[in-house]
Amino acid sequence: MKSIDRYMARLIALPLFSTLVISAMLLVLDRMLRLFDFVATEGGPVSVVWQLLANLLPEYLGLGIPIGLMLGILLAFRRLATSSELDVMRGVGMSYGRLLRVPYMYAIGLALINLAIVGFIQPRARYAYEGLRFELRTGALGASIKVGEFTHLGDRMTLRIERSRDKGRELSGIFVRAQTPAGDWIGVTAQRGQFFATDDPNTIIFRLTNGTLIHNRANFPTPRVLTFSVHDLPIDLPRFEQFRARGGRNLEYTIPELARIGATSNNAELRQASQSELYFRLAEVAMMFLLPLLAVALGVPPKRSTSALGVFLSIVFVVAYHKVNQYAASIGELGRVDPFIALWGPFAIFAALIIWMYYMLAYVPGGQPIGALERGAGKALKAITRRLPGRSAREARA
């Protein structure tokens, strides 16, 4: 690489990866609180929250990588423009096409990474995420017994524990009510208790200390009462249903699987849904090859202007395109519009707009694709500042 290419690579790298990390962290933090609440409600271990977040990370990177690429290139060109370095480069004969060599290296590399994420990693991570949620709801993940509440272990046993210490190793204030298949019922109270594993994975032993056991049957004239110092109570763990196979939703299919279903399925609804999801992912990745052109068009402000309107518009542009694609995929899945037209139609419109904006900047003398918006934003800002409290008093004193 030549020195100018290395310089461009350094300018792009810092904002690109910083934006990528910050956007991923913000999305993760937004979901983290809800996951903590969900896991606590279901009584699952806290460690599963990190597993859930790890499985959501590929989905967040699918949107974070395009935003990071856009802002990395945009802020690099904005710095060159505001420091007049871009004028020097243009003055010595460097075209925008030459300056875009390194940005397109980033774009191609990140597009391939994003294709691997949305095409192969994200579907499997999504399935693993749904599997963890299923296990939390059913208790198959080792959900903990809630202190101070009645916990049902299957259909025949109810357990309540008053206090828990040493991470559940020391339990006290215990009440157990169980019913046998023959119709007997047993009630137990004990001062302390502790769980032990057995050779049978479907059965555990609850060792109770210093308690009372009441056994009742229909033909007993009075219930039998037993006082004990140590009593082992076997508990049959409930059987949990198995989670479904991968592919219950289009989000869990890889790109080759979507292509195969969309081409061979005899079910029209399934075929349209698979094609919509396939075109949605491909259109999202294809747009990344146009982001360097958009970043240059929005990153170079008008002369003698330091407005950051282009930065704001770039984020709006990427998010708006993502939302339009989501809506287009939904109507394509419903069959209202052909999936190919629904997804590639917006792509063609956005691509034409980006190419026009880049052409105006690079090939039209004095061209500024967002010049009108810059002037409108400047006038609006002045109108707002004139109406700020205390503005007229400061002007009068001046």
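Residues numbered from 1 in each chain as written. Predicted model: local features only at pLDDT ≥ 70, side-chain atom pairs only at ≥ 80, totals over all residues. Heavy atoms only, no water.

Side note on the overall build of the chain
Along the chain, the regular secondary structure elements total 12 helices and 6 strands. Relative to the globule expectation of 21 Å for 398 residues, the C-alpha radius of gyration of the chain, 32 Å, shows a markedly less compact shape. Expressed along its principal axes, the backbone C-alpha trace of the chain runs to roughly 105 × 70 × 45 Å. Looking at the 398 residues of the chain, the share that counts as buried comes to 42%. Of the roughly 22100 Å² of accessible surface on the chain, a fraction of 60% belongs to carbon and sulfur atoms. Between the centroid of the 45 positive side chains of the chain and the centroid of its 29 negative side chains there is a distance of 11 Å. (Helix = DSSP H or I, 4+ residues; strand = E, 2+ residues; numbered from the N terminus. Rg over C-alpha atoms; globule rule 2.2 N^0.38 Å. Buried < 20%, exposed > 50% of the residue type's maximum accessible area, 1.4 Å probe, protein only. Areas by Shrake-Rupley, 256 points an atom, 1.4 Å probe, with all protein chains shown as cover. Lys, Arg positive; Asp, Glu negative; His and termini not counted. Charge placed at Lys NZ, Arg CZ, Asp CG, Glu CD.)

Things to note about the sheet that holds strand 4 (residues 185-197)
Within the open sheet, the 6 strands sit side by side as 1-2-3-4-5-6. Their pairing is antiparallel. Every other strand in the sheet has two partners, leaving strand 1 (150-152) and strand 6 (224-236) as the edge strands with one partner each. Neighbour to neighbour, the strand axes of the sheet diverge by 30 degrees on average, direction disregarded. Pairing of strand 2 (residues 157-165) with strand 3 (residues 170-179) involves 8 bridges; the strand directions are antiparallel. Across the sheet, the residue bridging to S164 is L171, located in strand 3. (Pairing = 2+ DSSP bridges. Axes fitted to C-alpha atoms, helices over the stretch in contact; angles between N-to-C directions.)

Looking at the side chain of E277
Along the polypeptide, E277 turns up in helix 7 (residues 268-287). Note on E277: relative accessible area 13%, which makes it buried. What E277 contacts, discounting residues up to four positions off in sequence, is N250, L251 and L258. (Contact = heavy atoms within 4.5 Å.)

Digging into the packing of aromatic side chains
A full pass over the atoms with the stated rule returns 10 aromatic pairs. Considering the side-chain rings of F36 and W50, the 5.7 Å spacing of their centres and the 85 degrees angle between planes classify their relative orientation as edge-to-face. Taken together, the positions of F36 in helix 1 (residues 3-42) and W50 in helix 2 (residues 47-82) put the pair 14 residues apart, joining distant regions of the chain. Here a set of aromatic residues connected by ring pairs shows up, and it is made of Y279, F340, W344 and F347. (Phe/Tyr/Trp six-rings, centres within 6.5 Å; stacked < 30°, edge-to-face > 60°.)

Quick word on the domain arrangement of the chain
According to the domain assignment, the chain consists of domain 1 (3-137 + 246-387) and domain 2 (155-236). The distance between the C-alpha centroids of domain 1 and domain 2 comes to 57 Å. (Domains from an automatic or database assignment.)

Points about the packing of helix 7 against helix 9 (residues 309-334)
Contact pair helix 7 / helix 9: the axes reach a minimum separation of 8 Å and the direction vectors enclose 160 degrees. In this view, helix 7 runs roughly antiparallel relative to helix 9, as classed from their interaxial angle. For the element pair helix 7 and helix 9, the recorded crossing hand is right-handed. Contacts between helix 7 and helix 9 pair Q272, A273, S276, F280, A283, E284 and M287 from the former with Y321, H322, N325, Q326, A329, G332, E333 and L334 from the latter. (Parallel < 35°, antiparallel > 145°, perpendicular 65-115°, else oblique. Left-handed = near helix turned anticlockwise from the far one by under 90°.)

Some points on the environment of L115
On the secondary structure map, L115 appears in helix 5 (residues 101-138). Here the alpha-carbon distance between L115 and D232, two residues 117 residues apart in the chain, equals 56 Å. With residues near it in sequence (within four places) discarded, L115 still touches F120, I255, L282 and V285.

Topic: the environment of R246
Mapped onto the secondary structure, R246 falls in the loop between strand 6 and helix 6 (255-264). The class of R246 is partly exposed, set by a relative accessible area of 29%. Once the C-alpha coordinates of R246 and E333 are considered, the two residues, 87 residues apart in sequence, prove to be 20 Å apart. If we skip the residues at most four places from it in the chain, R246 touches R124, Y127, E252, Y253, T254 and E257. From its side chain, R246 meets the backbone oxygen of E252 in a polar contact 2.6 Å long. Here E257 takes part through its side chain, which lies 2.9 Å from a polar atom of the side chain of R246. (Polar contact = N/O pair within 3.5 Å; in protein donor to acceptor, adjacent residues only side chain to side chain.)

Structural notes on a nonpolar patch on the surface
A cluster of nonpolar side chains, contributed by I108, L112 and F289, occupies part of the molecular surface with about 280 Å² of accessible area. Considering the arrangement of structural elements, one finds F289 in the loop between helix 7 and helix 8 (291-299). Judged by relative accessible area, F289 falls into the partly exposed class, the value being 34%. (Patch = residues over 30% accessible without salt bridge, like charges linked within 9 Å, V, L, I, M, F, W, Y side chains within 5 Å. Salt bridge = Lys/Arg side-chain N within 4 Å of Asp/Glu carboxyl O.)

Description of the confidence of the model for the chain
Averaged over all residues, the pLDDT of the chain equals 86, while 92% of them reach at least 70. Per-element confidence in the chain ranges from a low mean pLDDT of 57 for helix 12 (residues 391-397) to a high of 95 for helix 10 (residues 339-363). (pLDDT = per-residue confidence, 0-100.)

What about unusual backbone geometry?
One non-glycine residue, S84, lies in the positive phi region at around 65 degrees. Since its relative accessible area comes to 39%, S84 is described here as partly exposed. Phi is positive for N210, which is not a glycine, with a value near 55 degrees. Mapped onto the elements of the fold, N210 is located in strand 5 (residues 203-216). The exposure class assigned to N210 is partly exposed, which follows from its relative accessible area of 32%.

Details of the side chain of Q368
Its location among the elements puts Q368 in the loop between helix 10 and helix 11 (371-386). For Q368, a relative accessible area of 17% translates into the label buried. At 3.1 Å, the side chain of Q368 and the backbone oxygen of V300 are in polar contact. Other than its neighbours up to four places away in sequence, Q368 contacts A297, V300, P301, P302, M360 and L361.

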